[in-house]
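Remarks on the overall topology
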Amino acid sequence: MSEILVATGVRKVYRTGAEELEALRSVDFSVTEGEWVSIMGPSGSGKTTLLNCLSGLDEIDGGTVSIDGRTLHSMTDAERTSHRAHAMGFIFQAYNLIPVFNAVENVELPLLLAGVDAKTARARATETLDRVGLGARLKNRPTELSGGEQQRVTVARALAGRPKVVWADEPTGALDSETANVVMQLLGELNRTDGLTLIVVTHDEEVGRSAQRLVSMRDGRIVSDESLVVGAS
Amino acid sequence: MIPAIVLSLPFIYILATKPVLRRLAIRNATRRPRESALVIAGSLLGTALMTASFVVGDTLTSSVTALAYSRYGPIDEVITVLPADAALLQTRMAGLSHPDIDGSLEISTLDVSTATLSSNGSNATAASAAPRAQLLELDFAKASVFGGDAKATGIMGAGPAEGEAVVLEALANRLHIRAGDSFTAFALGNQVKLRVQRVIRQTGLAGFWRGREVLSYNAFVAPGTIRKLAAGVDVQALASGKVAKGSLPLFMVAISNRGGVESGAAHTKEVSAELEKRLKGLRTNISPVKQTLLDAARKAGESLQQLYQTIGSFAVFAGILLLINIFTMLADERKSELGMMRAMGLKRRSLVATFASEGWLYAIVASAIGTVVGLGIGRLVVEGAGRIASSGSSDLRTPINFHFTPSSLQNGFVIGLFIAIATVVGTSISTSRFNIISAIRDLERSKVRGGKFRSAIGSLVGLSGLALAVGGFAAKQATTIMAGPALLALGVATFLNRKQSHRLVLTLCAGFAVVWGAAGVPIAIGVGAAPSPTVFLIQGLILVIPSVMLLSEYQNEVGHGLARITGRRLAMRLGLAYPLARKQRTALTLAQFSIVVFILTYISVISSMFEGQAAAFTKDLGGGYNVVLDSNPIDVGELKATAGVTAVAPIVHTERASVTPRSTKEATEWPMAGIDESFLNVTPPRLTDTGKYPTQRAAYEALIASDHFAIVDDRFLSRQGPPAAVVGIGDKFTVKDPTSGTSRELTVIAKSANDLLFNGGWTSAKAMRAIFPTTALASRAYISTTNPDAFVAAIEARDFRKGASAVTISGRVNEQLAQQVRFFGLIRSFLSLGLVVGIAGIGVIMVRAVRERRRQVGVLRALGFQANSVSNAFAIEAGFVAAEGIIIGVALGLISCWTLTLSESFGQKFTFVVPVGTVVLLMFATMVGSLAATIGPARSAAKIKPAVALRITD
Ligand SMILES: Nc1ncnc2c1ncn2[C@@H]1O[C@H](COP(=O)(O)OP(=O)(O)OP(=O)(O)O)[C@@H](O)[C@H]1O
Ligand SMILES: [Mg+2]
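Residues numbered from 1 in each chain as written. Chains lettered and ligands numbered in written order. Predicted model: local features only at pLDDT ≥ 70, side-chain atom pairs only at ≥ 80, totals over all residues. Heavy atoms only, no water.

Moving on to the overall build of chain A. Helices and strands together make up the secondary structure of chain A, namely 7 helices and 10 strands. Relative to a compact globule of 233 residues, whose C-alpha radius of gyration would be 17 Å, chain A shows 17 Å and is just as compact. Considered along the principal axes of its C-alpha atoms, chain A spans approximately 50 × 40 × 40 Å. Per-residue burial for chain A yields a buried fraction of 55% across its 233 residues. Taking contacts inside chain A between residues at least 6 apart in sequence as the whole, the part at least 24 apart equals 66%. Of the roughly 9,900 Å² of accessible surface on chain A, a fraction of 46% belongs to carbon and sulfur atoms. A distance of 4 Å separates the average location of the 24 positive side-chain charges in chain A from that of its 32 negative side-chain charges. (Helix = DSSP H or I, 4+ residues; strand = E, 2+ residues; numbered from the N terminus. Rg over C-alpha atoms; globule rule 2.2 N^0.38 Å. Buried < 20%, exposed > 50% of the residue type's maximum accessible area, 1.4 Å probe, protein only. Contact = heavy atoms within 4.5 Å. Areas by Shrake-Rupley, 256 points an atom, 1.4 Å probe, with all protein chains shown as cover. Lys, Arg positive; Asp, Glu negative; His and termini not counted. Charge placed at Lys NZ, Arg CZ, Asp CG, Glu CD.)

This is how it looks when you write it as structure tokens:
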């Protein structure tokens, strides 16, 4: 399969006043389409930074990132934004739903952003929520949902637009292990059936090991990159 | 200062004794200096507007008080008699000695008209004329040391010699004369030519003048000059009802109390008592001129200050809402932090204390800055008022000089501090309660308790509302008539809220309140209650608050309707989602906006209604007459023979009757006018209330036939401030002749339109002659003529010897309306401050909103939301709230002005006029302003970097 993402020599430096912190030190990294990659590593090692830089949420200080053959950081912000709307999904740690929208409105948001008409968007959002087991809670606002339910809405939101790539930063960090399992199984299933490319940052060994490939980071560098037996856990 | 310290003590105590709370409060206040600055800006408004109104009041007081120096100086009391009684008075005053009196001075005066003649001979014409002037005779040597302070008397040097005059600036300017020039004085059919010895400034004794003009048209002449002019006037004949050829010479003794120009007035009571004892039985009047002027100055200042304060309250109210909004947002933002503190064992009371102490820090800084800002605003208002003053006839307007007292600054500071602290403490308590409920999760129990509490409060409020309404109608008290039913509605709503369907109850009660807000004022006026500015403040609140509540209740419907119209654009949806979800906050912002827009619309409409009223006012005021002529005296036959004149009604007029209402027992100097049957030869001026008489004519006929009836307007005896009927139909007041001491009680039988022509109270000529046996004289006439403007010019040129001075009624009305409109304009600019606050408030709220939602914006951006859509969403949000506020404000403003036109208000029947241009401009400017205030926050929201925002944890 073709490579959906190629990053070479990516550098990221955080500047706070006179201090500089090199969070990514020349990272080379590529992902093939339909791959499920876990990124693990100690706190502060640069996992979130990597995810932000590779997805185009953040600027980089060196190197190149190309997605689908397009060089990400030479696009304008608007182009990148629109690219995100069409081709990417994001799952962050809990609490990142829009509180004034109910579940289905949150989920249809990326669809509307991608230009899908309102009716189709609503239908697809409902369907996706159904799929994550929240078919009965469409009209609830985030504050009326439990933490696990909120995270499932987030998953639904990331998936509803049928993106090629889903970026997840500690998607199960705020969940108990049972709910975490449900969420990860959902993602795994989509990866298998729809060929979704999944890049997941996690501290959870079990979550990390359910991927096909495990990348470890330390001090802004990738220190190991191993293939895992599919469905090892 | 003491109240400020008392207010601050609890906070100082907390900050001093609780190190943890102190650290928390100070850290929070200094953590985000820019936002703290915004909070302070929001809180300083109350102080600024309060201080400004005090300063405006001070300025007026001191401007009027300045007259004490420019026209009285050492004179505290004046004793007046006719020349015939001069010798009697002199005997009684001989050997006057009293510890509180430091001098007395004899002055003779005569009202004259003056002119410079273009040629000699009897058919000379006037080059320039001053129809209202005064000749004075006094001993310059004695006068210069009168009261012991030569500077305060304004008189020094040698007195005028025979045929000479020492002339005051105002008269010299009016006649275009300098030292060495000549002019002629006319009185009682005689004339005397005078050479100007020198021109002096209007100070103290030199400026002695009792007319309503601010300038003194005085000429000091050599002893004997007045007697020469008055030669041939038979005072005894006057007493028998024969009309004199002009007003008579007067003999006065001026008394100076111990002390300075102002401080001397403190002894007025003792000195008056002493003088009364001494002059018992004499036909005379003792007039405490200084004290009267100082009282008037104080009252004028106070009433203007109250007017500004009341009107400013609209803006202050908006400021309070803004403050509540900002503080609620602050509390929301810190909710997790505060929750944590609670979890660690911080008591709720301590929580309130920390939050309130932080607020106190803001409030104290804000009040200090606000005082200075208020001083500046006051300065601007005074500047504007000065412009208005200089636009009218300069004679009648007090020159404005900016002035403020330390106590005014203190008062502004304290009131502002109190408002800010009360708001902050209230908000702190309510937010901390909210936190605790959600934290401890005893929602059920507290709801039940709240329910009972609610019902109790509801019944209490409702019943007191009912009591107020009933009492208000009984006492014809407009404020309570307005407030009562509104409170009743509030009480019912509160009481029923938990029992019946919330929406229905709210809709009915709030709907009722809005209707009452619109209809209450005309109803109150209809039952005879006089509306004060406070009534309009209450009306504003009654209209705006329930309207906002209603709109909030139906906000979802509004939002969905709007979304349907505009299509489901995402930025639109997002922009509407927040205001719809945060109803309480939105309501606060809405109320803050609409109250200011309401009052601005209201004032604009009222102002244009006044403007459009010129023709109607002229008709009401003049009836079939179109010119008012003052002439000393009026010669009816001669006037009737003048070309173009179709009717002449002579009026026995005096400018200085001493009028005492039975109710207040306070004597006020006020004009009185007596009419006879000839007044009814053409349509007389309109009466706004004919009392028990079936027609206007019947009321006038009753007045003329009797000698103890009167007709007055709403401004009778209250020149300053808003019209406040001192006497109503059926009330009695006494009119006394200050010279002879004769008096009579009159009963008010009808009400006239506003007295823009300074007629004073109307009574019959008969009554005037009875009260003023020696001085009653037809010195004014209502005239109907085919060409008013030509007549005015011609008569002033022809009758300058009689001091003829005429105005067309339409001219006077236009002049008065123009001033009125300019005053409204000034008030409007004062209030625009409230609008600035509203607009700045939206900016502040959006800044906070952006801060609050940074993480959400990050998520949206990550999901593919474009940067400009983010800023659009914020602009739409602000625009939506602003538009709703503007619509409510304008609609309510228009409605309540319209209801005013349904009945007679302010003594006039108005026609409803909408100044479309002004209102559209107001709406447009407010909208543009609000959007402009959002640009900053919207831009900064667009700049939020998703990668950064997503890391935010709070
Ligand atoms: N905005 C910033 N400014 C300065 N330094 C930053 C910033 N964001 C992250 N860092 C630093 O960059 C390094 C990498 O951070 P990053 O968030 O990528 O770590 P991480 O591996 O995701 O850690 P964790 O597992 O704790 O989430 C850390 O040392 C962090 O302190
Ligand atoms: Mg991380």
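And the narrative resumes.
Take the overall build of chain B next. Each helix and strand in chain B was counted, giving 31 helices and 19 strands. Its C-alpha atoms give chain B principal-axis dimensions of about 105 × 60 × 50 Å. Relative to its full complement of 954 residues, chain B shows a buried share of 56%. A separation of at least 24 residues holds for 82% of the contacts in chain B among residues at least 6 apart in sequence. Of the accessible surface of chain B, which amounts to about 38,800 Å², a share of 61% is contributed by carbon and sulfur atoms.

What follows is about the packing of helix H1 (residues 2-17) of chain B against helix H2 (residues 19-31) of chain B. The angle between the axes and the distance between the axes are what describe a pair of packed helices. Residue and element names in this part refer to chain B. One can describe the packing of H1 onto H2 by two numbers: an axis separation of 5 Å at closest approach and a directional angle of 110°. As judged from the angle between their axes, H1 and H2 are roughly perpendicular. Contact residues: H1 offers Ile 14, Leu 15, Ala 16 and Thr 17, while H2 offers Pro 19, Leu 21, Arg 22 and Ala 25. Grouping the amino acids of the contact of H1 with H2 by side-chain chemistry returns 6 nonpolar, 1 polar and 1 charged. (Axes fitted to C-alpha atoms, helices over the stretch in contact; angles between N-to-C directions. Parallel < 35°, antiparallel > 145°, perpendicular 65-115°, else oblique. Nonpolar A, V, L, I, M, F, W, Y, C, P; charged D, E, K, R; others polar.)

Residues and elements named next belong to chain B. Going through the model one piece at a time under the given rule, you end up with 10 cavities of 30 Å³ or more. Of the volumes computed, that of the largest cavity is approximately 940 Å³. Going through the elements one at a time, strand S2 (101-117), strand S3 (126-137), strand S5 (182-187), strand S8 (250-257) and strand S11 (645-661) are the ones with two or more residues in the lining of the largest cavity. For the lining of the largest cavity, the per-class residue count stands at 17 nonpolar, 16 polar and 10 charged. Counting contributing residues per domain, the lining of the largest cavity is built from domain 2 (77-287) and domain 3 (632-803), each supplying no fewer than three. (1 Å grid on protein atoms, 1.4 Å probe; cavity = no way out; pocket = protein on both sides within 12 Å on 5 of 7 lines; lining within 4 Å. Points joined across faces, edges and corners; volume = space filled by probe spheres on them. Domains from an automatic or database assignment.)

Moving on, we get to helix H28 (residues 854-863) of chain B. Of all 10 residues that make up H28 of chain B, 9 are buried, and the element is covered over most of its length. Buried residues of H28 of chain B: Arg 855, Gln 856, Val 857, Gly 858, Val 859, Leu 860, Arg 861, Ala 862 and Leu 863 of chain B, and no others.

What follows concerns the interface of chain A and chain B. Counting residues at the interface gives 32 residues for chain A and 23 residues for chain B. With both chains or domains summed, chain A and chain B bury close to 2,400 Å², and 65% of this area falls on carbon and sulfur atoms. The three residues of chain A that bury the most area against chain B are Val 100, Phe 101 and Leu 113 of chain A, which together make up 21% of that side's buried surface. Taken together, the links from chain A to chain B amount to 2 salt bridges. Two residues, Glu 108 of chain A and Arg 573 of chain B, come together in a salt bridge whose shortest N-O distance is 2.7 Å. Scanning the region where chain A abuts chain B turns up 6 residue pairs in polar contact (both at pLDDT 80 or more). Residue assignment for the side of chain A that touches chain B shows that the elements contributing at least two residues are helix H1 (47-55), helix H2 (77-87), helix H3 (103-113) and helix H4 (118-131) of chain A. A per-element tally of the side of chain A that touches chain B places H2 of chain A first, with 6 residues. Looking at the side of chain A that touches chain B residue by residue, the class counts come to 17 nonpolar, 7 polar and 8 charged. (Buried area = accessible area lost by both parts, 1.4 Å probe. Salt bridge = Lys/Arg side-chain N within 4 Å of Asp/Glu carboxyl O. Polar contact = N/O pair within 3.5 Å; in protein donor to acceptor, adjacent residues only side chain to side chain.)

Many descriptions give the size of an interface as the accessible area lost when the pieces come together. All names here are of chain B. Along its sequence, chain B is carved into domain 1 (1-68 + 298-448), domain 2 (77-287) and domain 3 (632-803). On a C-alpha basis, the centres of domain 2 and domain 3 stand 27 Å from each other. Contacts between domain 2 and domain 3 engage 33 residues on the former and 19 residues on the latter. Taking both sides of the interface into account, the surface hidden between domain 2 and domain 3 amounts to around 2,100 Å²; carbon and sulfur atoms contribute 52%.

Quick look at the site of ligand 1 now. Surveying the vicinity of ligand 1 reveals 14 residues, the closest of which are Ser 43, Lys 47, Thr 48 and Thr 49 of chain A together with Arg 951 of chain B. Of the chains in the model, those with residues near ligand 1 are chains A and B. Note that an oxygen atom of ligand 1 is positioned 2.7 Å from one of the side-chain N or O atoms of Thr 48 of chain A. One of the side-chain nitrogen or oxygen atoms of His 203 of chain A is found 2.8 Å away from an oxygen atom of ligand 1. Across the complex, the protein chains shield 70% of the 630 Å² of accessible surface that ligand 1 would expose by itself. Mapped onto the shell around ligand 1, the elements with two or more residues apiece are strand S2 (19-32) and H1 of chain A. With 3 residues, the top contributor of residues to the shell around ligand 1 is H1 of chain A. A per-class count over the shell around ligand 1 returns 4 nonpolar, 7 polar and 3 charged. (Near = heavy atom within 4 Å.)

Residue and element names in this part refer to chain B. Inspection of the secondary structure assignment puts Thr 646 in strand S11. Classification of Thr 646 as exposed rests on a relative accessible area of 56%. Separated by 139 residues in sequence, Thr 646 and Thr 785 place their C-alpha atoms 5.4 Å apart. Ignoring any residue separated from it by four or fewer positions in sequence, one finds Thr 646 in contact with Ser 784, Thr 785 and Thr 786.

What follows deals with the sheet that holds strand S4 (residues 62-67) of chain A. Residue and element names in this part refer to chain A. Spatially, S2-S1-S4-S5 is the arrangement adopted by the 4 strands of the open sheet, whose pairing is antiparallel. Only two strands of the sheet have a single neighbouring strand rather than two, namely S2 and strand S5 (70-71). As paired elements, strand S1 (residues 3-16) and S2 share 10 bridges and run antiparallel to each other. Counted as the bridge partner of Val 10 is Val 27 from S2. (Pairing = 2+ DSSP bridges.)

Glancing now at the side chain of Ser 287 of chain B. Secondary-structure assignment places Ser 287 of chain B in strand S9 (residues 285-287). With near-sequence residues (within four places) excluded, Ser 287 of chain B lies in contact with Asp 76, Glu 77, Val 78, Arg 210 and Glu 669 of chain B.

This brings us to the pairing of strand S7 (residues 218-221) of chain B. Residue and element names in this part refer to chain B. Burial along S7 is two-sided: Asn 218 and Phe 220 and Ala 219 and Val 221, pointing in opposite directions, are all buried. Two strands pair when backbone bridges link them, and S3 and S7 are joined in this way by 3 bridges, in the parallel orientation. Paired with Gln 134 across the two strands is Asn 218, which belongs to S7. Bridge count for strand S4 (residues 164-168) against S7 is 3 bridges, and the pairing is antiparallel. When the sheet's bridge partners are listed, Val 166 is paired in S7 with Phe 220.

The next thing to look at is the pattern of salt bridges. Residue and element names in this part refer to chain B. Under the definition given, this model contains 40 salt bridges over all chains. The closest approach of N and O atoms between Arg 780 and Asp 630, which form a salt bridge, is 2.8 Å. Taken together, the positions of Arg 780 in strand S18 (residues 778-785) and Asp 630 in strand S10 (residues 627-630) put the pair 150 residues apart, joining distant regions of the chain. With respect to class, Arg 780 is no different from Asp 630; both count as buried.

Attention now goes to unusual backbone geometry. Positive phi is not limited to glycine here, since His 176 of chain B has a value of about 55°. Residue Leu 188 of chain B is not a glycine yet carries a positive backbone phi of 55°.

Residues and elements named next belong to chain A. Within the fold, Asp 169 resides in strand S7 (residues 165-169). Assessed through its relative accessible area of 10%, Asp 169 is described here as buried. Setting aside chain neighbours within four positions, we find Asp 169 in contact with Thr 48, Leu 51, Ile 91, Phe 92, Gln 93 and Val 201.

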